[in-house]
Amino acid sequence: MAGQEAASTGFVTRFAPSPTGLLHLGHAYSALTAWEAAQAANGVCLLRIEDTDTGRVRPEYEAAIYEDLSWLGLAWPEPVMRQSERHAAYTDALARLSARGLTYPCRCTRADIRAAFAAPQEGAAPANNAPSVYPGTCRGRPLSDAGPEDAIRLDLNRALHLVQGETLTWLETGPAHAGRQALDCDALRREVGDVVLARKDIGTAAYHLGVVVDDAAQGVTHVIRGADLLDATPIHRLLQALLDLPVPVWHHHALVRDENGKRLAKRDDARAIRAYRDSGMTPAEVRDLCRAQTV
Ligand code: GLU
């Protein structure tokens, strides 16, 4: 496959949008940052469609991604990787983690999780009363018990123990936290916990597992993405160690913000690339606009 061949040499990065809305200025900035970094390094920027959220994904949004990126002047190797076609790779990764005793089935609802935090014996709930990490109610349930109603979670403590989490490091080159980073196991326990690896609905990979499996499959050497995903990096680094996958360099870039300083959301259609295009702006003007609004 052309995408995979291109990915086998030199600098490889990617832009990985989810087709759950129209691309906006923030996506344009992210895509441009990745493409320009690839160009400067004589490398390649791949496109990956992260379409596992079947409830929100729409084919017309995927079509709009191709159109809007082309309009901005960006091109990518074909074929494009689509996560909806990668089920076998995720199942395999999950099986490898499960074989090492690192997963368990979980059928807790959000309401169950809130209730566990509210129970007196569970100790302190987070200040705003919203559970921050999964309290571990189903931990220890055997996988043989898993049915269609179950998500699959990572047993974080076991995982950290197995790979000696504190030894894991990586390089970040983004403006906010540049330098060599080391896994903070306590922060990971406190803030991330037993993440979902596979969703209950149709057993598809959840975000973290999909990203690390696909970055490795595409030979991504540099992950370039928005600073809103900075907090996802430690769990990605841990999953790479558990699955014996190569470790990329990360670069989390500044975000495009609205006039109130808020990060743009998918529903912010006024800032959709095609709204600017329909208003008569040129691709060069849109590129300048998103660069001017990053913080
Ligand atoms: N699909 C994610 C998003 O649209 C980006 C994933 C990543 O870059 O790691 O926010």
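See the structure above.
Here is what the cut-offs are and how they apply
- Residues numbered from 1 in each chain as written.
- Predicted model: local features only at pLDDT ≥ 70, side-chain atom pairs only at ≥ 80, totals over all residues.
- Heavy atoms only, no water.
- Helix = DSSP H or I, 4+ residues; strand = E, 2+ residues; numbered from the N terminus.
- Buried < 20%, exposed > 50% of the residue type's maximum accessible area, 1.4 Å probe, protein only.
- Salt bridge = Lys/Arg side-chain N within 4 Å of Asp/Glu carboxyl O.
- Core = buried A, V, L, I, M, F, W, Y, C linked by side-chain atoms within 4.5 Å.
- Lys, Arg positive; Asp, Glu negative; His and termini not counted.
- Contact = heavy atoms within 4.5 Å.
- 1 Å grid on protein atoms, 1.4 Å probe; cavity = no way out; pocket = protein on both sides within 12 Å on 5 of 7 lines; lining within 4 Å.
- Points joined across faces, edges and corners; volume = space filled by probe spheres on them.
- Nonpolar A, V, L, I, M, F, W, Y, C, P; charged D, E, K, R; others polar.

(A) Here's a closer look at unusual backbone geometry. Note the cis peptide between Glu78 and Pro79, where omega equals -5 degrees. In this structure, Asp244 takes a positive phi of about 60 degrees despite not being glycine. Its location among the elements puts Asp244 in the loop between helix H9 (233-243) and strand E10 (249-253). Owing to a relative accessible area of 67%, Asp244 belongs among the exposed residues under this scheme.

(B) How the structure looks around the environment of Gly174. Here Gly174 shows up in the loop between strand E6 (169-172) and strand E7 (179-182). For Gly174, a relative accessible area of 0% translates into the label buried. For the pair Gly174 and Ala227, spaced 53 residues apart in sequence, the C-alpha separation works out to 8.2 Å.

(C) Highlighting the pattern of salt bridges. In total, this model carries 21 salt bridges according to the counting rule given. With a closest N to O distance of 2.9 Å, Asp186 and Arg189 form a salt bridge. Here Asp186 and its partner Arg189 are both found in helix H7 (residues 185-191), three residues apart, which amounts to about one turn of the helix. One connected set of salt bridges, linked through shared partners, spans Arg14, Arg48, Glu50 and Asp215.

(D) Spotlight on the nonpolar core. Residues Leu97, Leu154, Leu197, Leu209, Leu238, Leu242 and Leu243 are the most contacted members of the largest nonpolar core, which totals 35 residues. Those elements that provide at least two residues to this core are strand E2 (44-49), helix H4 (87-99), strand E5 (151-154), helix H6 (156-163), H7, strand E8 (196-198), helix H8 (207-217) and H9. In terms of residue count, the dominant contributor to this core is H9 (five residues). Core analysis: the second largest hydrophobic core is formed by 28 residues, Phe11, Leu25, Trp35 and Cys45 among them.

(E) Examining the side chain of Arg237 more closely. One can find Arg237 in helix H9. Although Arg237 is buried, it makes no salt bridge; Asp244 carries the closest opposite charge, 8.6 Å away. Apart from residues lying up to four places away in sequence, Arg237 is in contact with Leu168, Thr169, Trp170, Val247 and Trp250.

(F) Spotlight on the layout of surface pockets. Here the largest pocket defines a volume of roughly 1200 Å³. Around the largest pocket sit 39 residues that line it, and Ser132, Glu191, Val192, Val195 and His208 are the ones nearest its centre. Sorting the residues of the lining of the largest pocket by element identifies helix H5 (110-118), E5, E6, E7, H7, H8 and H9 as the ones contributing at least two each. The residue inventory of the lining of the largest pocket, partitioned by class, reads 21 nonpolar, seven polar and 11 charged.

The quantities given are spatial measurements derived from coordinates; they are silent on function.
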